[in-house]
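Survey of secondary and tertiary structure
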Amino acid sequence: MTTPLAEVLDGQHAAELRKAARALLKRPLLLSHGRYAEEFRLVRRHAAELREWFDRNTGWPLHVDAETARLRKIPGVLDDATHPACEATRAATPFTRRRYVLLCLALAALERGESQIALGRLADQVVLDATDPRLVAAGIQFTLDRRDERLDLAAVVRLLLSLGVLRRVAGDEDAYVNGAGDVLYDVERRVLAGLLATRRGPSTVHAESLDYRLAQLVAETALDSDELRFRAMRQTLTRRLLDDPVLYYDELSDAELSYLTRQRGFLTTRVADLTGLVPEIRAEGIAMVDADDDLTDVRMPEQGTQGHITLLLAEYLARAGGPVTADRLAQRVRELAAEHGGFWAKSARDAGTETELVEQAVARLAALGLVSRTADGAAPRPALARYAVGEPVVHEPGTVRMPTQRKAGQA
């Protein structure tokens, strides 16, 4: 039987809309040229529907013009530090506080500058701006005379290159880091102008504490009616369903939990219809699972030595039943090295590397909502139970069966 043309067109439209939405969630800043040009064209084609959906359900503004598409995402949890920025290289390391300050200073210098700038000139501007007494009082100083400081600036520039704020014209960052050359960039001012994702300009916020400053940057108008308060809760919860690996009920306020209990089906269905994410609802919370394994910056399990160590520590923590100290985790890594070290990189087997390996593993598990950090280690969260694989069970001679991995919410 021939499928009616209208159904075919509706299916094609839905598939394109889903692909465009997923592209924005994965990369909230898309350019009309380069690697994501096809995704940009889809977003532009469906801009009106996407703008209406994100505005209604998340409160994230979507701006689309002939050159850029910018979804100004505001996180559901403002103080979550488990997903730091990284430079766009294979050996990328997470941004430190120092690199974030450098990034802000670099953006300020680019905003004031011309359409082209050399890395050395940018460095001079950053050093000059870093003499601000408030930065000095906070213990932030840059001279860029040392190689490690130039490495930090190079990491900032590579992030801006990956975002499309800069385009390299000539030169190489490694040469600058080694003091052997300079680099010339074009500044994409339209991209630069759309980078900031706040409701208020940072210079208009005068609060002292960091938490209050963050809240003021994204604060909405007064929520002076039940309708506005319910809308704000719906948007916050939808942001978390889209952005967070797991939405735990014990992290919600009483009002948010009450609203989610009543509207859970509606919220998860709306997200699933747009994105294709599948809701996994358990006693402790909700995870929107991506069968395509595409909408995440942190994966579990992951290939390589660090991925193997993280998986083994996840199993150990899942079976621990409570918090485990960093020293005990380091001891566990040494035990695992004796058993599995033949499959690991040589550097991971060297004495004294356990602390760094544990820190990397715990950081990954915390980013995935599988553990929470404690003062001296980590504590398992309910979703980690899926990694609690037990010992093989012998049922009859010659037959060995592995127990099923438990998922969050199962006993």
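Refer to the structure presented above.
Not measured: the values here are computed from a predicted model.

Regarding the layout of surface pockets
Using a probe with the size of a water molecule, rolled over the atoms, empty space left in the structure can be pinpointed. A volume near 390 Å³ is recorded for the second largest pocket. Around the second largest pocket sit 20 residues that line it, and V218, E220, A232, T236 and R239 are the ones nearest its centre. Broken down by element, the residue count for the lining of the second largest pocket peaks at 6 residues, all from helix α11 (residues 226–243). Grouping the constituent residues of the lining of the second largest pocket by class yields 10 nonpolar, 4 polar and 6 charged.

As for the sheet that holds strand β3 (residues 68–71)
Strands sit in the order β1-β3-β2 across an open sheet of 3 strands; the sheet is antiparallel. At either end of the open sheet lies a strand with only one pairing partner, and these are β1 (29–31) and β2 (62–64). Taking each pair of neighbouring strands and ignoring which way they run, the sheet shows an average axis angle of 5°. Relative to β3, β2 runs antiparallel, the two sharing 3 bridges. Within β3, the position partnered with H63 by the bridge is R70. Lying on the sheet, helix α2 (residues 37–45) is in contact with β1, β2 and β3; it crosses β1 at an angle near 105°.

Quick look at the packing of helix α13 (residues 304–320) against helix α14 (residues 326–340)
One way to put it is that α13 packs onto α14 with a least axis distance of 11 Å and a crossing angle of 120°. Considering their axes alone, α13 and α14 lie oblique with respect to each other. Two packed elements cross with a definite hand, and for α13 against α14 that hand is right-handed. Across the interface between the two elements, H308, I309, L312, L313, Y316 and L317 of α13 pack against R328, L329, R332, V333, L336 and H340 of α14.

Thresholds, definitions, all that
- Residues numbered from 1 in each chain as written.
- Predicted model: local features only at pLDDT ≥ 70, side-chain atom pairs only at ≥ 80, totals over all residues.
- Heavy atoms only, no water.
- 1 Å grid on protein atoms, 1.4 Å probe; cavity = no way out; pocket = protein on both sides within 12 Å on 5 of 7 lines; lining within 4 Å.
- Points joined across faces, edges and corners; volume = space filled by probe spheres on them.
- Helix = DSSP H or I, 4+ residues; strand = E, 2+ residues; numbered from the N terminus.
- Nonpolar A, V, L, I, M, F, W, Y, C, P; charged D, E, K, R; others polar.
- Pairing = 2+ DSSP bridges.
- Axes fitted to C-alpha atoms, helices over the stretch in contact; angles between N-to-C directions.
- Contact = heavy atoms within 4.5 Å.
- Parallel < 35°, antiparallel > 145°, perpendicular 65-115°, else oblique.
- Left-handed = near helix turned anticlockwise from the far one by under 90°.

In short, geometric facts, not functional conclusions.
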